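Commentary on secondary and tertiary structure
Below are the chains, spelled out letter by letter.
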Amino acid sequence: MKNTYLLLVLGLILSGNLLAQQGWEAGAWLGGSQYFGDLNTDNEINALGPAGGAFARYNFNNRLALKLGANLGKISGDDINSENTFELQRNLNFESQIVDVATQFEFNFLPYDHGSKKNFFSPYLFAGFNVFYYNPQTELDGEIYDLRPLGTEGQFIAEEYTTIDGGIVYGGGIKFSLNYIWSIEVEVSSRSLFTDYLDDVSTTYPEYDDVEDLRGDIAVLLADRSGELLDTPIGETGRQRGNSKNNDFYAMAGVSIVYYFGSISCPRITY
C-alpha cells in the first residue's frame, strides 16, 4: 500500500510537469522585413521595411509547438543599390506591401516551461508553409503604377502572374519566460517563395510593339527603364531581364510579447 501511494504521488508529479507546458499562447510582434531577389542579387540587407503581426501557438509539451501567424510587411528593391554594371543600367525598382499567413512547427532545443526558474529560456528552430499577397508597384513622374497589369515581360492578357502565392517558412529564435504568464521572443524567419515575380522581374525583355498594343505607352516605359540613364537603352527584345532560375524570397525579424493561457491540469486517476 505504501509503495502504491509513493508511485501515485510520483506519477502526479511527473504528469503535472508534462502538462504544465501544454496550452495556448497568443502574441504580437514588431520588427522589419527585407526582400531578396532579382533587384537584390547580392542578398544585401539594404532596404528594411516595417513589419509586424500577431500569432497563436499551441504547446504540445515543453519541446514541441505549432504556431499560426498573420503578418504585414513592406518590401522594396532598387537597382541603384547594386554594384553590378548591368543592374545599375537596368534601373528597375519596386515596392510592395506583404500580407502573410504562416503556419510553422517549432522545436525547442532546451526544455522550456513558463514561470520556471530553471527552464526559463530556449533557442528554437521552426519550419512550415505560408500563403501571401503582394502587389509590386513603381513610381514614374510622380505617379504610382501597379506593375502586374502592365505585363512588363510581355505577358498576354489573363496570363499575368498571380498576386497570391505560397512558400516554405524556416528560421529560428530564442524565447525567454518572464513569469508564468508573460514571455518575450526574438525571431528571424525566411520565406522561400514559389514565385520569381515578387519584384516583377524574372525572364527577358519583351516585344515592345506587342506590349504597346496590349498595355499602352506606360507599360513600354516601365518594361525598360535604362533609357532614363542611357542614350541607348539596353533592353533589347529577348535579352535577359532577370534570373528565372532562382525564385525570390523575403525575411522577417522582430521581437514578440507573448501571453500564456495554459494551466496545470490534474491528470485523470483510474482505479
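Residues numbered from 1 in each chain as written. Predicted model: local features only at pLDDT ≥ 70, side-chain atom pairs only at ≥ 80, totals over all residues. Heavy atoms only, no water.

**Some points on the overall build of the chain**
For the record, the criterion: Numbering goes from the N terminus for both helices and strands, where a helix is a DSSP run of H or I of at least four residues and a strand is a run of E of at least two. Exposure categories follow from relative accessible area, calculated using a 1.4 Å probe and restricted to protein chains: below 20% of the type maximum is buried, above 50% is exposed, and the middle band is partly exposed. Two residues form a contact once any of their heavy atoms are found within 4.5 Å.
Assigned secondary structure in the chain consists of four helices and 10 strands. For the chain, the N- to C-terminal ordering of α and β elements is α-β-β-β-α-β-β-β-β-β-β-α-α-β. Evaluated residue by residue, the chain yields a buried proportion of 44% over its 271 residues. Excluding contacts between residues fewer than 6 apart, the proportion of contacts in the chain whose partners are at least 24 apart in sequence is 74%.

**A word on the nonpolar core**
Nonpolar side chains in soluble globular proteins tend to be buried together. Spelled out, the test is: In plain words, nonpolar cores are sets of buried Ala, Val, Leu, Ile, Met, Phe, Trp, Tyr and Cys residues tied together by side-chain atoms within 4.5 Å.
Among the nonpolar cores identified, the biggest contains 25 residues, and Ile 75, Ile 98, Phe 132, Tyr 134, Leu 198 and Tyr 250 are the most heavily contacted of them. Looking at this core, the elements with two or more residues in it are β1 (23–36), β2 (49–59), β4 (93–108), α4 (217–223) and β10 (249–260). For this core, the element with the most residues is β10, which contributes three residues. In this structure, Tyr 134 is in contact with Ser 96, Gln 97, Ile 98, Tyr 161, Thr 162, Thr 163, Ile 164, Asp 165, Thr 195, Tyr 197 and Leu 198, ignoring residues within four places of it in sequence.

**Digging into the environment of Ile 218**
Checked against the element boundaries, Ile 218 lands in helix α4. The class for Ile 218 is partly exposed, based on a relative accessible area of 29%. Measuring from C-alpha to C-alpha, the distance between Ile 218 and Thr 152 comes to 9.7 Å, with 66 residues separating the pair along the chain. Ile 218 has contacts with Leu 140, Tyr 145 and Leu 150, leaving out every residue within four places of it along the chain.

**Observations concerning a nonpolar patch on the surface**
Stated precisely, the cut-off is as follows: Residues enter a patch when their relative accessible area is above 30% and they make no salt bridge; the linking distance is 9 Å between like charges and 5 Å between nonpolar side chains (Val, Leu, Ile, Met, Phe, Trp, Tyr). Only the protein chains shown count as cover for residues, with accessible areas throughout obtained via the Shrake-Rupley method and a probe of 1.4 Å. Whenever a carboxyl oxygen of Asp or Glu lies within 4 Å of a side-chain nitrogen of Lys or Arg, that contact is scored as a salt bridge.
A cluster of nonpolar side chains, contributed by Phe 120, Phe 176, Leu 178, Tyr 180, Ile 181, Trp 182, Ile 184 and Ile 257, occupies part of the molecular surface with about 650 Å² of accessible area. With respect to the helices, strands and loops of the structure, Leu 178 is situated in the loop between β8 (164–177) and β9 (182–193). The exposure class assigned to Leu 178 is exposed, which follows from its relative accessible area of 52%.

**Describing unusual backbone geometry**
One non-glycine residue, Ala 158, lies in the positive phi region at around 75°. Structurally, Ala 158 can be placed in the loop between β7 (143–146) and β8. For Asp 200, which is not glycine, the phi torsion reads 70° and is therefore positive. Mapped onto the elements, Asp 200 comes out in the loop between β9 and α3 (208–215). Residue classification places Asp 200 among the buried positions, given a relative accessible area of 3%.

**Here we look at the pattern of salt bridges**
Following the criterion strictly, the structure yields 11 salt bridges and no others. Put simply, Glu 153 and Arg 241 hold a salt bridge, and the shortest N to O gap is 3.0 Å. Here the residue Glu 153 occupies a position in the loop between β7 and β8, and Arg 241 occupies one in the loop between α4 and β10, the gap between them amounting to 88 residues. Across the pair, Arg 241 and Glu 153 agree in class, each one buried. A salt bridge links Arg 215 to Glu 160; the nearest nitrogen and oxygen atoms lie 2.9 Å apart. Taken together, the residues Arg 215 in helix α3 and Glu 160 in the loop between β7 and β8 connect sequence positions 55 residues apart. When its relative accessible area of 17% is taken as the criterion, Glu 160 is described as buried. Through salt bridges that share partners, Glu 25, Arg 57, Glu 106, Lys 175 and Glu 185 make up one connected network.

**Some thoughts on the environment of Ser 256**
Inspection of the secondary structure assignment puts Ser 256 in strand β10. Residues Ser 256 and Glu 187, 69 residues apart in the sequence, show an inter-C-alpha distance of 8.0 Å.

**Points about the packing of aromatic side chains**
As a reminder of what qualifies: Pairing of aromatic rings covers Phe, Tyr and Trp, the last through its six-membered ring, and needs centres within 6.5 Å; plane angles under 30 degrees mean stacked, over 60 mean edge-to-face, and all others mean tilted. Placement of a charge over a ring requires the Lys NZ or Arg CZ to be within 6 Å of the ring centre, with the centre-to-atom vector within 35 degrees of the ring normal.
In total, this model carries 15 aromatic pairs according to the counting rule given. With a centroid separation of 5.5 Å and an interplanar angle of 70°, the aromatic rings of Tyr 180 and Tyr 260 are classed as edge-to-face. Within this pair, whereas Tyr 180 is found in the loop between β8 and β9, its partner Tyr 260 is found in strand β10, the two being separated by 80 residues in sequence. On the basis of relative accessible area, Tyr 180 is assigned to the partly exposed category, the value being 32%. Here the aromatic cluster, defined as three or more aromatic residues joined through ring pairs, consists of Phe 132, Tyr 134, Tyr 161, Tyr 197 and Tyr 250. Above the ring of Tyr 112, the side-chain terminus of Lys 175 is found at 5.3 Å from the ring centroid. Geometry around Tyr 124 places Lys 175 over its ring, the cationic atom sitting 4.6 Å from the centre.

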